[in-house]
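Examination of the molecular architecture
Take a look at the letters that make up each chain.
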There are 4 protein chains.
Amino acid sequence: MVDFDLTPEQQAIRASAKAFAAEHLTGARAIYEAAATTPGWEHQFRSTLPLYKNAVQAGMIKAQVPAGLGGLGGSLLDAALVVEEFYAVEASASLTIFGTGLGLMPLILAGSPEQQQKFLKPFLGSEGAPLASLVFSEPDGSANFIAAGAPGFGTTATLQGAEYILNGEKIWATNCSGWDDRGADLQCVVCRILDPNDEASDVDKARRQTAILIVTREDIAANDPAAFQVLSHPPTVGHTSVNGPHVRFSNLRVPAGNLLAPAGKGAEVIEMSFTASAALVGAMGVGIMRQAFERALEWSKTETRGSHEVMIQKQSVADLLIKIKIRCEAARALTWKAALALGKTPFGGELAYEAKIFGSESAVDCVMDAINLIGVSAYKQGVGLGHLLNDAVVLPIFDGGNVGVRRRQIEKIFMNPQYKPWEATFGP
Amino acid sequence: MVDFDLTPEQQAIRASAKAFAAEHLTGARAIYEAAATTPGWEHQFRSTLPLYKNAVQAGMIKAQVPAGLGGLGGSLLDAALVVEEFYAVEASASLTIFGTGLGLMPLILAGSPEQQQKFLKPFLGSEGAPLASLVFSEPDGSANFIAAGAPGFGTTATLQGAEYILNGEKIWATNCSGWDDRGADLQCVVCRILDPNDEASDVDKARRQTAILIVTREDIAANDPAAFQVLSHPPTVGHTSVNGPHVRFSNLRVPAGNLLAPAGKGAEVIEMSFTASAALVGAMGVGIMRQAFERALEWSKTETRGSHEVMIQKQSVADLLIKIKIRCEAARALTWKAALALGKTPFGGELAYEAKIFGSESAVDCVMDAINLIGVSAYKQGVGLGHLLNDAVVLPIFDGGNVGVRRRQIEKIFMNPQYKPWEATFGP
Amino acid sequence: MVDFDLTPEQQAIRASAKAFAAEHLTGARAIYEAAATTPGWEHQFRSTLPLYKNAVQAGMIKAQVPAGLGGLGGSLLDAALVVEEFYAVEASASLTIFGTGLGLMPLILAGSPEQQQKFLKPFLGSEGAPLASLVFSEPDGSANFIAAGAPGFGTTATLQGAEYILNGEKIWATNCSGWDDRGADLQCVVCRILDPNDEASDVDKARRQTAILIVTREDIAANDPAAFQVLSHPPTVGHTSVNGPHVRFSNLRVPAGNLLAPAGKGAEVIEMSFTASAALVGAMGVGIMRQAFERALEWSKTETRGSHEVMIQKQSVADLLIKIKIRCEAARALTWKAALALGKTPFGGELAYEAKIFGSESAVDCVMDAINLIGVSAYKQGVGLGHLLNDAVVLPIFDGGNVGVRRRQIEKIFMNPQYKPWEATFGP
Amino acid sequence: MVDFDLTPEQQAIRASAKAFAAEHLTGARAIYEAAATTPGWEHQFRSTLPLYKNAVQAGMIKAQVPAGLGGLGGSLLDAALVVEEFYAVEASASLTIFGTGLGLMPLILAGSPEQQQKFLKPFLGSEGAPLASLVFSEPDGSANFIAAGAPGFGTTATLQGAEYILNGEKIWATNCSGWDDRGADLQCVVCRILDPNDEASDVDKARRQTAILIVTREDIAANDPAAFQVLSHPPTVGHTSVNGPHVRFSNLRVPAGNLLAPAGKGAEVIEMSFTASAALVGAMGVGIMRQAFERALEWSKTETRGSHEVMIQKQSVADLLIKIKIRCEAARALTWKAALALGKTPFGGELAYEAKIFGSESAVDCVMDAINLIGVSAYKQGVGLGHLLNDAVVLPIFDGGNVGVRRRQIEKIFMNPQYKPWEATFGP
Ligand SMILES: Cc1cc2nc3c(=O)[nH]c(=O)nc-3n(C[C@H](O)[C@H](O)[C@H](O)COP(=O)(O)OP(=O)(O)OC[C@H]3O[C@@H](n4cnc5c(N)ncnc54)[C@H](O)[C@@H]3O)c2cc1C
Ligand SMILES: Cc1cc2nc3c(=O)[nH]c(=O)nc-3n(C[C@H](O)[C@H](O)[C@H](O)COP(=O)(O)OP(=O)(O)OC[C@H]3O[C@@H](n4cnc5c(N)ncnc54)[C@H](O)[C@@H]3O)c2cc1C
Ligand SMILES: Cc1cc2nc3c(=O)[nH]c(=O)nc-3n(C[C@H](O)[C@H](O)[C@H](O)COP(=O)(O)OP(=O)(O)OC[C@H]3O[C@@H](n4cnc5c(N)ncnc54)[C@H](O)[C@@H]3O)c2cc1C
Ligand SMILES: Cc1cc2nc3c(=O)[nH]c(=O)nc-3n(C[C@H](O)[C@H](O)[C@H](O)COP(=O)(O)OP(=O)(O)OC[C@H]3O[C@@H](n4cnc5c(N)ncnc54)[C@H](O)[C@@H]3O)c2cc1C
Ligand SMILES: [Mg+2]
Ligand SMILES: [Mg+2]
């Protein structure tokens, strides 16, 4: 039955996320910005370690593992509620937390029971600061990694005896290098497995080769230090405390049992991971729009800017508030629907991609509208909305950019002869 | 629990609306356009009489009266489902049907049990073609009818003995003049009741005077013919079969018992009527976007336009399809939420106004995008999308224009010190 | 020296265009709409014959032929001034006049002196109603007529002795069928010349085959009546008095001397014709925006809509006026620059395409903004802005649709390694 | 005669601006960002001192003073050319230079010959680093400083004998506190002069009181140090090397002869200053869009992102490039027209305000489009486009925000009964 009311359980999830955000995320920016004075971009990330530990203690990592696998995780909608609450307060420090969720996703979706039991373990406790990372993107671009006729990822693995030898460069993967640059506790590395027997060179070769290998801190420690190198921590415009290093694997050896998705299966698992995440990026956009609206509304109801009335009395100001609010509400409704639709219908991912595009692009626009509304005071660092803008800017371009990845995914769905436009709404 | 699945009952409602639309609405335009050759704009309207009778028989009028009052009506969401199905096929002929629903709304919301029993009766059967009309708009504008310090509506009534004497001009009210220009079966006329004892001239006077009077065909018949005159049937750009005449009341006498909402209560009842309708206009927009998407998708998957591939293979075309689809999905999700939110929270109307604005403006944009996508063939009458554009254009400007009425309503809500932005979503 | 002042000659051109528009175009719509009651779409077109004769007398046709070839024509900017003045008053009847200019363009650009002398003659006088037509578009699409690997136009010619035998279907060409459906005085028909000796089937074949043949009324009269047939006059959403028939050439024989552009040259000549026209469509958009602004401004300064002040006092209304005005001013400045840039630099067409895209899409948006501003009264036929919208809608999709043709042309320019983005502004 | 070609003199101006930018501005960001590591926002500003000296030597300050007053200055269009060249390379360091031009504007427009001779002097040489500042904005808002019934600026002056006593707080004025926080060489301070004899309290009182006082470094030095205090250097999101401090005047005494615009004249002089500057902000927007386009084009023609072709081959990418280019071209054409129109017609400022709005809002959108096009690599600091975005963001909100100031100015023009919409284009 169509309904928009949260269950008591969801109310509780939301309340605890809100409480966590209020307690731990509100002050996060002050902490990591202070750390920025030490040269070295990585210090901002590292300064969030205590906060991450709090998240672990509060069950925020465990909550990203399904209950069936030992976690506390609920539905994708539950996750979206948490994401909104966090992003309504603080984007950057939150992404470190959700990055672990994304990093675990391939394991959750495709791991064997043994793999799940072994590799999920560090993430089921309430202590420490375990990081996981989905290591997908490469410096030369990732949008076309399985495009017809494309060469495919530069990161490759070959089987030698009981080990895979991993080579290549990756960049941007959240949490990838870990707190100390010796690797996240768990990395799911997307690569091509080179099979000397596969001499065909068809347009689907890259897809056929794509696989996922697990790399743990222990694996890295067991190798020569040069086998895993952090080349740089590229400083970013926003989300400045996020770890997304440029790394190089040089003949890194991992046990054959670390093969999470074999050649030919990797692309699909990644696609599934990035479908769930799309809905969550929608929720990030909602959180940011919510913050922008709240701040602009509060401002409009209190500031007179030298006139005889508060600014909300001006229609131009009210019109901007309305524009922000409408997109926030529409994006939230769509995101919720997308979260519930996923997995229900053959092309259920469509709504998730749409929530991602709409939520992310609207978020940027809304923050910019809020800046125009507040005017020049919004240009101040700290009190202003500049940081929010800089955090928002990544939404359309990460998690698969809207131009190169997300729209292309929807396009492919539309092209499918089986596609029925309203199936996710009204059934087949 | 958050859910987007229709109940079996709603599936049935939707299925029967879809079936009705397929059977009766598909050919409607051909019928009323043929009637356009006879000079006189009213002939288009009149040519839809058989179709309207079908709607009565199929229970489509009764379905707009709540079950508790003898109808078959369900929730606002149920209504939105029907509206979408109809507008996905045909706008103009559908509006005549929904215009009766709007016309009954004040009676349903504010009528005394006696009034309801008496005046709803003609609309509870399965025969004939009873029309109701909410007669609100005036030639000189309606957006400010109760604005502080504004004169208020030009249509006024004075009590003389047991009768009200009604004077003034109205325009645009759907169904107002009835099939034969002698009046709809039921008109709810918004007017100011002039009270000779009220000599105050405060800024709220117009609001204090605003009332609603019922005028029936029988009332009109009991008066001199000149007491109710149709001055013109203004031809419109789209929705060309809709009856929205310019009429004049000249000393029309109606029984005092026809007073539906007394002075001081009228504005509120109208506001409530136009809040429910706002959500339904959202659904109209969804229907139109759905139609635009379906047609553009079909076109893109079959046309090659002289190239070696179907047009959906072109990213520029796909991008437009995606733009249309996203707004359609977002508008539907928002409309559904608005329909359910209404009446639940103090400012529940906000979402309905937002669904109206977003759905209506997106609909115009989407049809225009579909035209640009299809290119010059879309400019053909009939097969093209011109009619759809012309029908869509009214959505932002009727049912309270977005600029003068709808944004102003939201603005007022935002200004309220009690307003909590997310109450409709997360509760108080 | 950068300057925006018209020369006295241009002032005069503008003044006479304005005067012509005031005298002859103001009432045009009333005339051709009255003619619409007679079944048969062509009657609207024919009702503009007297007006067209006036245009001939006033030198408006001659003005579209360069002075060097016996006409009165000036620069492309002069032409843009006239187009704006006309479109600020009336679109549809004006297009018939400018359609002749477009129809003459290939002859002006590519005709031999003999061809020019012979075929331009009817257009240099001050009597009669000579029509020319650029016959390019085909029912199955024209955007890809020389795309790599595409089959090319369906209309073909083969040389038999001293004659070309023409076969195929065309549609939409303004003025194509003439006042009496026996052909415009001059048609420049784009076709492929089939050469039995050319057996290659490279991706450029369609381009290599494309040519332009002249077809006159006399040529048609010299053939069997069935050789030139008007299949239909497709009714359009706007520009309702324009002649743009679906026609069929069936073994129509024309003298070999009618070959205007030989195989391999046709595409280039068409491209050049449609480059000049692009700047003029920019001017059409400016004219329409100007009209929309003037009407909305006037309305805003006089209407109170039941409130205590005129509507321009409302910021929401003023903001819409400003939005319209800005795009009108920006489009005009860009159009003027494009008109002057053409032919000056290697990629001078770029600005013309941009003026076309910006002017056309802005025009549609501006009319829609004006409708939203005026509200429901804008929905009335005649006094409303619906006709203006319907006329505007064609701007982005004709003269080469923006999605399939115009953006693709710019894209090609950008791809050129020689391209310098600011050469048209600052020189090489 | 309408023309878009620069004169040889303008070509030279442009060439020298371009050369200066290439030599001195290209590396500016690296310099002032390095300075950011020292705590204290002002160090970024101070690190640009050598660059500013270069600008003085290169005549860039003198060029902002009219030739008639001893400078090298030319037309507003000449200035716009320089502004575009600078902003196409570097925004922040350029603004310091142009801020001096703005600071001198009131003196140029309204100073007595004696005042001009005396106070312009330091700005006519080729040595040192003289700064001027237009000190207008206040912490509590400036948009309504002369709005009907508004209190007016909080900064006030009273005449005591031969001196004015100045009190109040200002913020954001570029260059205001000078290189050493002891004041710019010249400040034009907008304030209200309190006249004990003026007891009227009409709605125009603030306007009647508004005046401009000159404050020099020497004036400040002649006072107690506490009379001019820098309260803070508010860090900003972009334009990070600009000096725009929060300052307080406490009984600062300046000679009566420093009165530049007397009470009742100040507002008009400010309005004129901010009209010329509006056109220049248009040019800033053009410069930023130009930079965004160049970088995105270059990227698109070289990057394959793992696919088999360069990105410009993708229509989605090309469409974004086109969108950016069109707005850049349209904004430039409009800005040039506005620069030439100023002062020619009664409402010539209209175009300048429109160029400001269009150029500034387009600039933000274009940079965001470029970011979406380039994708995640654009999020890198330095190589990315984040800084450009942050610099662009101020354009709509400074120099009079578009919402509170610029649209309101146009609105007022539209309301004027004498207003003729096309006078600036076609004459009266
Ligand atoms: C804060 C942050 C966190 C991140 N977290 C992770 C993470 O945890 N794991 C991870 O692997 N990555 C991560 N990334 C990288 C991110 O997921 C990128 O979106 C992804 O790498 C793809 O990049 P892209 O979309 O820009 O594609 P690219 O391949 O870089 O493409 C760039 C641009 O090229 C164009 N383009 C490319 N292909 C096409 C095409 N076929 N058609 C049309 N246009 C095309 C588009 O304009 C696109 O924007 C993160 C990035 C950031 C900034
Ligand atoms: C097909 C159709 C069906 C209709 N059905 C009905 C019906 O059944 N019953 C009925 O009564 N009416 C009906 N109408 C009329 C419709 O409901 C109108 O929206 C309504 O009359 C109000 O008109 P408006 O919004 O354009 O306001 P107006 O008062 O006409 O205002 C016009 C414009 O002025 C500006 N404006 C006015 N006030 C303000 C303000 N305070 N602030 C800012 N801007 C302002 C806005 O730009 C607005 O668009 C119908 C109309 C059509 C075309
Ligand atoms: C009033 C009026 C007057 C006209 N006058 C004339 C005239 O005088 N002479 C004349 O010959 N024609 C005339 N036309 C037709 C007009 O010039 C058309 O623009 C032209 O025929 C091309 O049509 P199109 O742009 O819609 O392209 P089509 O080939 O019909 O393409 C349709 C759509 O397909 C898509 N598409 C096609 N190819 C591509 C591609 N490669 N990449 C991406 N998308 C693509 C686009 O979305 C495009 O909109 C007129 C039309 C009208 C309505
Ligand atoms: C880099 C930089 C350089 C600057 N240089 C200078 C300088 O040299 N000299 C100087 O004096 N200042 C300078 N400023 C400040 C700048 O000029 C501001 O634009 C100006 O102070 C006005 O601020 P505002 O437009 O935000 O108006 P505010 O008065 O602060 O208004 C804020 C917001 O309120 C709303 N608002 C206010 N009034 C109305 C209204 N009547 N109707 C509708 N909405 C309204 C609008 O949404 C507006 O955005 C600079 C600022 C920056 C960041
Ligand atoms: Mg991308
Ligand atoms: Mg502002």
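Residues numbered from 1 in each chain as written. Chains lettered and ligands numbered in written order. Predicted model: local features only at pLDDT ≥ 70, side-chain atom pairs only at ≥ 80, totals over all residues. Heavy atoms only, no water.

**Some words on the side chain of Thr210 of chain A**
- Its place among the elements puts Thr210 of chain A in strand S5 (residues 210-216).
- Only 2.7 Å separates the side chain of Thr210 of chain A from the backbone oxygen of Ala206 of chain A, close enough to count as a polar contact. (Helix = DSSP H or I, 4+ residues; strand = E, 2+ residues; numbered from the N terminus. Polar contact = N/O pair within 3.5 Å; in protein donor to acceptor, adjacent residues only side chain to side chain.)

**A word on the packing of helix H5 (residues 76-87) of chain B against helix H6 (residues 92-110) of chain B**
Residue and element names in this part refer to chain B.
- Orientation of H5 relative to H6, taken along the N-to-C sense of each, is 155°, at an axis distance of 9 Å. What the angle tells us is that H5 and H6 run roughly antiparallel. Together, Val82, Val83, Phe86 and Tyr87 of H5 and Ser94, Leu95, Ile97 and Phe98 of H6 make up the contact between the two elements.
- Residue composition of the contact of H5 with H6, grouped by class: seven nonpolar, one polar and no charged. (Axes fitted to C-alpha atoms, helices over the stretch in contact; angles between N-to-C directions. Parallel < 35°, antiparallel > 145°, perpendicular 65-115°, else oblique. Contact = heavy atoms within 4.5 Å. Nonpolar A, V, L, I, M, F, W, Y, C, P; charged D, E, K, R; others polar.)

**Overview of the interface of chain B and chain D**
- Across the boundary between the two partners, chain B contributes four residues, which contact four residues of chain D.
- Overall, the association of chain B and chain D removes approximately 370 Å² of surface from exposure, summing both partners, and the carbon and sulfur fraction of that is 26%.
- Contact with chain D buries area across many residues of chain B, yet Gln315, Ser316 and Asp319 of chain B alone supply 89% of it, more than any other trio.
- Viewed at the interface, chain D and chain B are joined by zero salt bridges. (Buried area = accessible area lost by both parts, 1.4 Å probe. Salt bridge = Lys/Arg side-chain N within 4 Å of Asp/Glu carboxyl O.)

**Some words on the domain arrangement of chain A**
Residue and element names in this part refer to chain A.
- Partitioning chain A into domains gives domain 1 (8-123), domain 2 (132-263) and domain 3 (267-426).
- Relative to domain 2, the C-alpha centre of domain 1 lies at a distance of 23 Å.
- Both sides of the domain 1 and domain 2 interface together cover about 2,500 Å² of buried area, and 67% of this is carbon and sulfur.
- The largest contributions to the domain 1 side of the interface with domain 2 come from Trp41, Phe45 and Phe119, which together make up 30% of the buried area.
- Between Arg46 and Asp181 there is a salt bridge whose closest N-O contact spans 3.5 Å.
- The interface formed by domain 1 and domain 2 holds eleven residue pairs in polar contact (both at pLDDT 80 or more) in total.
- For the side of domain 1 that touches domain 2, the secondary-structure elements that each account for two or more residues are helix H3 (42-46), helix H4 (49-57), helix H6 (92-110) and helix H7 (113-120).
- Top contributing element to the side of domain 1 that touches domain 2 by residue count: H6, with twelve residues. (Domains from an automatic or database assignment.)

**A short note on the site of ligand 1**
- Residues in contact with ligand 1 amount to 34 residues; listed here are only the nearest, Leu134, Ser137, Ser142 and Gly401 of chain A together with Leu373 of chain D.
- At the site occupied by ligand 1, nearby residues are drawn from chains A, B and D.
- One of the backbone nitrogen or oxygen atoms of Ile397 of chain A is found 2.9 Å away from an oxygen atom of ligand 1.
- Backbone polar atom of Val376 of chain D to an oxygen atom of ligand 1: 2.9 Å apart, as the coordinates give it.
- Starting from 970 Å² of accessible surface for ligand 1 in isolation, the protein chains cover 97%.
- Among the elements of the structure, H6 and helix H14 (402-415) of chain A together with helix H12 (349-374) of chain D are those that each provide at least two residues to the shell around ligand 1.
- Ranked by residue count, the leading element in the shell around ligand 1 is H14 of chain A, at four residues. (Near = heavy atom within 4 Å. Areas by Shrake-Rupley, 256 points an atom, 1.4 Å probe, with all protein chains shown as cover.)

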